[in-house]
Amino acid sequence: MSLLKRMPPKRRRLGLTDYRKRLKLVKSGLPRLVVRKTNKHIIVQVIKPKFGGDETILTVTSKKLREFGWKASLKNTPAAYLTGLLAGLLIKSKVDKAVLDIGLHRPSKESKVFAAALGFKDSGIEIPVGEEILPDEDRIKGAHISSYYKSLKESGAETIQFSKSDESVYMNLEAHFEEVKNRILRELGGDESGGMGS
């Protein structure tokens, strides 16, 4: 009997990949919607399983939202939704169904990962995701952020969180969200009447 033990793959040892979960996703044969967060941005990718290695067919970061006039943070819940919506509209001519790959993120109700998935779904692409875990409409539009910002302003509290932001954006974040969302839909051929899981 050999004393040598098979070494697990490096990404498993480092806790970077759950290979059992990934195998289930790959076996579906569907493109994977991959959502990742960094300290500054939301990243949305569409990855197609292929023999010999996956193929990334689309990568969109929330930085792209600046081209549509987005002035708020690039890593909040509304930005995650809009990045997902943008990615879906850009790829819907090639993909009509996908599966969500959240990696090692623990499924957390109303998280930014699911906000991005909802945006992707609202572009018209079918993606199986439970309605109960998706953020509600107020959260998608940033009502909670506006409320927090207004309470800070009223109390006079000092914070660096919004120090580089245009005050008018956070005082009316829901309206700003709708303006940018409609511009994305208008410029990329989406339906301005749809959305939010409808």
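The structure reproduced in this document is the subject of the present report. (Residues numbered from 1 in each chain as written. Predicted model: local features only at pLDDT ≥ 70, side-chain atom pairs only at ≥ 80, totals over all residues. Heavy atoms only, no water.)

## What to know about helix H4 (residues 112-122)
Right, on to step 1. Of all 11 residues in H4, nine are buried, a share of seventy percent or more.
Right, on to step 2. For H4, every residue scored as buried is listed here: Val-113, Phe-114, Ala-115, Ala-116, Ala-117, Leu-118, Gly-119, Phe-120 and Asp-122.
Right, on to step 3. Of the surrounding elements, those touching the buried residues of H4 are strand S1 (32-37), strand S2 (42-48), helix H3 (77-91), strand S4 (99-101) and helix H5 (137-141).
Right, on to step 4. Count one or two residues on from H4 and you reach Gly-124, which has phi positive near 115°. (Buried < 20%, exposed > 50% of the residue type's maximum accessible area, 1.4 Å probe, protein only. Helix = DSSP H or I, 4+ residues; strand = E, 2+ residues; numbered from the N terminus. Contact = heavy atoms within 4.5 Å.)

## Quick notes on the packing of aromatic side chains
Right, on to step 1. Here the structure, examined in full by the defined rule, presents two aromatic pairs.
Right, on to step 2. Relative to Phe-177, the ring of Tyr-81 has its centre 5.6 Å away and its plane inclined at 50°; by these criteria the two rings are tilted. Of this pair, Tyr-81 sits in helix H3 while Phe-177 sits in helix H8 (residues 173-188), and the two are 96 residues apart along the sequence.
Right, on to step 3. For Tyr-81, a relative accessible area of 0% corresponds to the buried category.
Right, on to step 4. Residue Phe-177 is classed as buried on the basis of its relative accessible area, which comes to 0%.
Right, on to step 5. Summarising the aromatic geometry, the rings of Tyr-149 and Tyr-170 are spaced 5.6 Å apart at their centres and angled 35° between planes, so their arrangement reads as tilted. (Phe/Tyr/Trp six-rings, centres within 6.5 Å; stacked < 30°, edge-to-face > 60°.)

## Comments concerning the pattern of salt bridges
Right, on to step 1. Applying the stated rule across the entire model yields 10 salt bridges.
Right, on to step 2. With a closest N to O distance of 2.9 Å, Asp-101 and Arg-32 form a salt bridge. Of the two residues, Asp-101 sits in strand S4 while Arg-32 sits in strand S1, which places them 69 residues apart along the sequence.
Right, on to step 3. Residue class for Arg-32 comes out buried when judged on its relative accessible area of 5%.
Right, on to step 4. Here Arg-36 makes a salt bridge to Asp-101, at a shortest N to O gap of 3.9 Å. (Salt bridge = Lys/Arg side-chain N within 4 Å of Asp/Glu carboxyl O.)

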